[in-house]
Amino acid sequence: MLSQKTRYAIRAMQHLADHYGKGPVQLAEISEKQNIPANFLTVILSELSRMGIVASQRGKDGGYWLALPPVDITYGDLIRVMRGSLALVPCASRFAHEKCKNCVAEGECRTRALMLQVRDRTAELLDAIRLSDPIQPLPAFSEEDFEDR
């Protein structure tokens, strides 16, 4: 699962992408429209700023904006920046690999082989979708969606 911080970062970046080229967006607006605590949002936007993805300006007319065009930012990029990896288990990570504790040898582990496939397909999908791509919300699940499972 994505951390709350990563989910907030994605929503903030979507908001900035929607306002790309229209000037700075104030933190209070992002916080209110995206339902993100302002203190937490400040930390997230500071991190994204240090990474060169977001730019900011202080003052009355200040705010935040994307430092790169939305077409140049993928959801895979965002998740890697915030989370460090797309892998569900550390032994399947391409950039933050760690051996799992209490497991069989990596070369014998079928779970690792499966998770590498999941990681690679997830990367393909998330690296193909950009902040500039339209994503339409879907209806909320109903109780019937969970019956007989």
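Below, the structure is looked at part by part. (Residues numbered from 1 in each chain as written. Predicted model: local features only at pLDDT ≥ 70, side-chain atom pairs only at ≥ 80, totals over all residues. Heavy atoms only, no water.)

1. Describing the overall build of the protein
Helices and strands together make up the secondary structure of the protein, namely five helices and two strands. Ordered by position from the N terminus, the helices and strands of the protein form the series α-α-α-β-β-α-α. Based on the C-alpha atoms only, the size of the protein along its principal axes is roughly 60 × 40 × 30 Å. For the protein, the proportion of its 149 residues judged to be buried stands at 33%. At a minimum sequence separation of 6, the contacts of the protein that also span at least 24 residues come to 60%. Taking the average location of the 19 positive side-chain charges in the protein and that of its 19 negative ones, the two points are 7 Å from each other. (Helix = DSSP H or I, 4+ residues; strand = E, 2+ residues; numbered from the N terminus. Buried < 20%, exposed > 50% of the residue type's maximum accessible area, 1.4 Å probe, protein only. Contact = heavy atoms within 4.5 Å. Lys, Arg positive; Asp, Glu negative; His and termini not counted. Charge placed at Lys NZ, Arg CZ, Asp CG, Glu CD.)

2. Things to note about the pairing of strand β2 (residues 63-66)
Relative to β2, strand β1 (residues 54-57) runs antiparallel, the two sharing four bridges. The residue bridging Ser56 from the neighbouring strand is Tyr64, located in β2. In sequence, β1 turns back onto β2 through a hairpin of five residues, with Gly59 there showing a positive phi of about 105 degrees. (Pairing = 2+ DSSP bridges.)

3. Structural notes on the side chain of Ser93
Of note, Ser93 is situated in the loop between α4 (75-83) and α5 (110-128). In this structure Ser93 touches Ser85 and Ala87, once residues within four positions along its chain are discounted.

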